Amino acid sequence: MRVFDSNWMQIADYLERDDRIVLPVGSTEQHGYLSLGTDALLAERVSVEAAEPLGVPVLPVLPFGMAPYFTAYPGTMSLRISTYIEVVRDLLDCLAGQGFRRIAVVNGHGGNAPVAGLIREWINRPGADRVQVLFHSWYNAPKTAEAASRFDDDQYHGSWLENFAWTRVAGAEIPGGAAPVIDRATANNVTAGEMRALSLDGSLGGAYQRSDEDMQIVWDAGVAEVRELLEKGWLDQ
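Residues numbered from 1 in each chain as written. Predicted model: local features only at pLDDT ≥ 70, side-chain atom pairs only at ≥ 80, totals over all residues. Heavy atoms only, no water.

Notes on empty space enclosed by the protein
(1) Moving on: Using the criterion set out here, one finds 1 cavity of 30 Å³ or more in the structure.
(2) Moving on: There is about 30 Å³ of room inside the largest cavity.
(3) Moving on: His31, Tyr33, Leu34, Gly158, Asn163, Ile174 and Tyr208 are the residues that line the largest cavity.
(4) Moving on: When its residues are assigned to classes, the lining of the largest cavity shows 4 nonpolar, 3 polar and no charged. (1 Å grid on protein atoms, 1.4 Å probe; cavity = no way out; pocket = protein on both sides within 12 Å on 5 of 7 lines; lining within 4 Å. Points joined across faces, edges and corners; volume = space filled by probe spheres on them. Nonpolar A, V, L, I, M, F, W, Y, C, P; charged D, E, K, R; others polar.)

So, in structure tokens, the structure goes:
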């Protein structure tokens with residue numbers, strides 16, 4: 001149930017019988033030959049497909065995250081960590097104030113990981129009602145990572161791992177073969193300008209693509225893992 005497909009009265013009715021909701025978070029940033037919205041598209045889609053059979057509402061994806069290392073590539077947007085944390089805090093405050101008590105934040109972008117610290121702080125705010133918040137990076141969660149590793153251990157930004165039919169861009173021809181791997185230690189310690197010089201097309205290494213059949217196996221694992229989280233990931237209350 002997409003929140004955008006509902007009116008407020010329908011969400012109020014839902015809260016009479018359930019208190020779960022999904023907040024997808026992603027990023028708008030270069031992904032080589034793939035869409036600038038790859039992380040946002042994937043986070044929202046995996047959330048919707050996972051939540052649909054359960055009737056759990058899914059908010060529209062938060063499309064901006066923290067990606068300062070890619071800002072030399074046109075189209076990339078990045079929020080300061082202080083800004084991002086306050087945006088997420090405001091959203092959690094809204095949801096808690098409306099009566100949601102189980103909030104799943106489904107993340108599609110590695111740069112957003114610091115928000116997990118904010119969530120731990122937020123759930124311990126003094127005097128507040130008990131609210132559970134799960135932070136789940138769907139793309140490298142255990143079962144999804146296991147499915148991807150059946151095909152290739154090189155799983156890097158802008159590579160085959162993010163190349164789904166719904167992240168490709170019309171008119172962009174994706175190369176065959178593989179890009180040279182930029183090791184993570186280097187990638188984590190370069191400026192935006194240095195990053196663009198290191199990776200002329202934006203891929204951080206590995207094969208550019210695999211078959212849609214292979215990708216569907218990875219995707220199905222991701223959807224199933226998010227659905228399991230929404231069903232069984234909560235503490236007993």
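Regarding the pairing of strand 1 (residues 20-25)
(1) Moving on: For strand 1, a buried count of 6 out of 6 residues is recorded, marking the element as mostly surrounded by other parts of the structure.
(2) Moving on: Burial along strand 1 is two-sided: Arg20, Val22 and Pro24 and Ile21, Leu23 and Val25, pointing in opposite directions, are all buried.
(3) Moving on: Here strand 1 runs beside strand 2 (residues 102-107); their pairing, made up of 6 bridges, is parallel. Bridge assignment links leucine 23 to a residue of strand 2, and that residue is valine 105. (Buried < 20%, exposed > 50% of the residue type's maximum accessible area, 1.4 Å probe, protein only. Helix = DSSP H or I, 4+ residues; strand = E, 2+ residues; numbered from the N terminus. Pairing = 2+ DSSP bridges.)

Considerations on helix 5 (residues 142-149)
Along an α-helix, residues three or four positions apart point the same way, because every turn accommodates 3.6 residues.
(1) Moving on: All of the buried residues along helix 5 are Thr144, Ala147 and Ala148. Down the axis of helix 5, the buried side of the element spans an arc of 100°, and every buried residue falls inside it. Relative to its buried face, helix 5 has exposed residues pointing more than 90 degrees away, namely Pro142 and Glu146.
(2) Moving on: Residues of helix 5 that are buried make contact with helix 8 (212-232). (Arc of directions from axis to C-beta. Contact = heavy atoms within 4.5 Å.)

Quick notes on the side chain of threonine 167
(1) Moving on: Inspection of the secondary structure puts threonine 167 in the loop between helix 5 and strand 4 (178-179).
(2) Moving on: Of note is the side chain of threonine 167, whose polar atom sits 2.7 Å from the backbone oxygen of glutamate 162.
(3) Moving on: Within the local environment of threonine 167, its side chain forms a polar contact with the backbone nitrogen of phenylalanine 164, the two atoms lying 3.0 Å apart. (Polar contact = N/O pair within 3.5 Å; in protein donor to acceptor, adjacent residues only side chain to side chain.)

Things to note about the packing of aromatic side chains
Two aromatic rings are characterised by how far apart their centres lie and by the angle between their planes.
(1) Moving on: Going through the model one piece at a time under the given rule, you end up with 7 aromatic pairs.
(2) Moving on: Centroid distance tyrosine 33 to tyrosine 208: 5.8 Å. Interplanar angle 80°. Geometry classified as edge-to-face. Taken together, the residues tyrosine 33 in the loop between strand 1 and helix 2 (38-51) and tyrosine 208 in the loop between strand 5 (206-207) and helix 8 connect sequence positions 175 residues apart.
(3) Moving on: According to the relative accessible area criterion, tyrosine 33 is partly exposed, its value standing at 30%.
(4) Moving on: The exposure class assigned to tyrosine 208 is buried, which follows from its relative accessible area of 10%. (Phe/Tyr/Trp six-rings, centres within 6.5 Å; stacked < 30°, edge-to-face > 60°.)

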